[in-house]
Amino acid sequence: MWLQIVLFVLVTFLIYKLLFSSKKDYWKKYGIREIDTSHVVSTLDVFIRGKNLALADKYAYDVMGGDKFCGTREMGIPRLILKDLDLIKKIMIKDFDYFTDRRNFFDDPNSALKKMLPSLEGDEWKGVRSAVSPTFTTGKIRRMMEIFNSVGEEWIAELKKRAKAKGGSIEIDVAEVVNGFTVEVIGSSVFGMKTGTIQNPNSVFAEMAAKIVAMGKWKVVKFTLSLVFPGLFKIFRIPLMDMGAMNFFQGILEQGLKERLSGRMKGDKNDFLQLLVEAKKGELKTAGNDELSEFEKDAQLKTGAGEEFDKKQYLTDEVMIAQSLVFFFAGFGTTSNLIVLTMYSLAVHQDVQDKLRREVGTIVKKNGSLDYDDLGKLVYMDMVLNEVLRMFPAAARLERKCVKDYKDPVTGFFAPKGSFVCIPIEAIHSDKRYFANADKFDPEHFSQENKAGRNPYAFLPFGTGPRNCIGMRFALVESKAAIAYLVHNFRMEPTEKTPIPMQTKHAVLQVLPPDDLGLKLIPLNIK
Ligand code: HEM
């Protein structure tokens, strides 16, 4: 209780300070145009009305006109917003050394959160990222295909059973059904254990996972405050996440790691913990360059002469546990939402669903399972998922923290050390210069022809550069498998409760499907 009281006093004081302290014209002294967004999203709007921070990005993006960047302030904090795609590429990739960190979102004093990749900084981040990267390559995700297949088959069998019991079709709570699949995938592919969430959506595993991603009003306020005043959260030791859920998963992971490291559990597992143990022992082969996509090549960390380090030293038990927890913190909600929003889009666009079903039908094996390489050949599936990620990017904005004064001689862009640089993904994804029918769901935005004519940095759902999403491949294979299993076995249709058009929610900077989204599943008579 005392924690709440302290927090309340703090919040009141800080809001007062934010409202009445002025840093107007902060960017003027650097010769940078400043756009005032306070009337679009004020500090009060954020804390009291839970208003979406990305609205300010969109406003500044539009007002900027032909400018390549601008300065602005958010809850009193000066930040820079980039519009020009070449400048974005430069900051995120070529001159990455000036922008290695991001705003410390997860600097939670009480937990393994601070050791997770998204919150690590500087050399520690570099070391852990290099050590963990080999566990996410094509070869390693291919090893997990067996898991995606067995969970997918179990999922479909359960849904068919429910439909049969209802005498035909079923109306589902989409998030609940999808979470059953994604939690089971994480259980099997990270923890190496069955969670039972497909049959029992109220299992402990499902309950704990839901607690981690739940974004109630109070949590949104805490997260927002932690963005502005991370130091205070550290001093007062205020946890951002549900500690019960954290401890639950941490306990299971610690046990699993102990068993693998001691050799009590044989290395015949294909799960992530096993891969980390192999990486620690130096037994994990690094993928050759030919295995990498453009996205992954952009992400490669440059190590200068003499900068080669022993990656294994970074893989302490604490770090390995933290990276496994990342699947829940960074991978669970994002992937579930991609699957949920794709199901929604397919239900609302039956023509797209039919076309996708025909494509999937060409690769499903006689026994109903899927092959890793075949999944990669599904051109239309890629187009559909990309369009969903364009319209509903998991993160409305990317951020980087400038770690040393930066000046770009070409554009005159200047970022002082310590400043935040924002890439307004949601605004870029809805820019008609890049996507002709930006307001409409149209997978043709990602046809070969349209892709070839567009700057690739206009589509950044997984970020870009060395700090991009390390789990992209895992998330895409998992999502493709889920959608392939679904369209092959069911027709998805809207119900009266399905909002058309979609009404997404925003929590801090996350873009989320609405609560209680419902759809109808009608079984297809495919043997
Ligand atoms: C559809 C699913 C997903 C989406 C849309 C997504 C999106 C993103 C985005 C936008 C970023 C920030 C990138 C940047 O700043 O350039 C990110 C970072 C990250 N994601 Fe994902 N993600 C997804 C799934 C996953 C999964 C399954 C994992 C599993 C481990 C994961 C792990 C991470 C990590 C560790 C980072 C931080 C990387 C670093 O700082 O080095 N993500 N993700």
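Note that the structure is a prediction, hence the values are computed from the model and not measured.

Thresholds applied
Every chain is numbered independently, its residues counted from 1 as its sequence is written. Confidence filtering applies because this is a predicted model: local features only for residues at pLDDT of at least 70, side-chain atom pairs given and counted only at 80 or more, and all residues used for totals across whole chains, interfaces and linings. Hydrogen atoms and water are omitted, and side-chain values are computed over all heavy atoms in the structure. UniProt positions are given in the numbering used here, feature names are shortened, and annotations may be inferred rather than shown by experiment. Secondary structure elements are taken from DSSP: a helix is a run of H or I of four residues or more, a strand is a run of E of two residues or more, and numbering for both begins at the N terminus. Burial classification: accessible surface area is computed with a 1.4 Å probe over protein chains only, and a residue below 20% of its type maximum counts as buried, one above 50% as exposed, and the rest as partly exposed. Throughout, a contact is declared for two residues whenever any of their heavy atoms are within 4.5 Å. In this listing, donors mean N, O and S atoms no farther than 2.8 Å from the metal, or 3.2 Å for Na, K and Ca; water is missing from the atoms, so a site can look incomplete. The salt bridge criterion pairs a side-chain nitrogen of Lys or Arg with a carboxyl oxygen of Asp or Glu, the two atoms within 4 Å. A strand pair is defined by DSSP finding two or more bridges across the two strands. For every element, the axis is a line fit to its C-alpha atoms; helices are fit only across the contacting stretch, and the angle between N-to-C directions ranges from 0 to 180 degrees.

Colleague: Looking at this structure, I do not really get the UniProt feature "transmembrane region" (unreviewed entry) in the chain. What am I missing?
Modeller: Per the UniProt record, "transmembrane region" (unreviewed entry) is found at residues 325–348. Along residues 325–348, the helical share is 100% and the strand share 0%, with 34 Å between the first and last C-alpha atoms.

Colleague: Is there a simple way to explain the environment of D298 in this structure?
Modeller: Mapped onto the elements, D298 comes out in helix α14 (residues 294–298). On the accessibility criterion, D298 (16% relative accessible area) is buried. In this view, D298 contacts I93, Y457, T464, G465 and P466; residues no more than four positions away in its chain are not counted.

Colleague: Explanation requested: the coordination of the iron atom of the ligand in the structure shown.
Modeller: Expected angles at a metal are 109.5 degrees for tetrahedral coordination by four donors and either 90 or 180 degrees for octahedral coordination by six donors. Coordination of the iron atom of the ligand by the protein comes from a single atom, C469 (SG), at 2.3 Å. On the secondary structure map, C469 appears in the loop between α20 (448–452) and α21 (472–489).

Colleague: I'm lost on the pattern of salt bridges in this one. Help?
Modeller: Working definition: two side chains of opposite charge can pair if their charged atoms are close together. Overall, the coordinates contain 33 salt bridges when judged by the stated rule. In this structure, E74 engages R103 in a salt bridge whose closest nitrogen and oxygen atoms are separated by 3.5 Å. Within this pair, whereas E74 is found in strand β1 (residues 69–74), its partner R103 is found in the loop between α4 (85–94) and α5 (122–132), the two being separated by 29 residues in sequence. Judged by relative accessible area, which is 7%, E74 ranks as buried. One salt bridge connects K115 with E124, and the closest N-O pair in it is separated by 2.6 Å. The class for K115 is buried, based on a relative accessible area of 19%.

Colleague: Help me understand the sheet that holds strand β3 (residues 170–173) in this model?
Modeller: Strand order in the open sheet formed by 3 strands is β3-β11-β8, with antiparallel pairing between adjacent strands. Either end of the sheet is taken by a strand with one partner, and the two such strands are β3 and β8 (490–494). Going across the sheet, the axis of each strand differs from the next one's by a mean of 35°, ignoring polarity. The pairing of β8 with strand β11 (residues 518–523) spans 5 bridges and is antiparallel. Of the residues in β11, the one forming a bridge with R491 is I522. The strands touched by helix α8 (residues 174–191) are β3 and β11; relative to β3, the strand with the most contacts, the crossing angle is about 75°.

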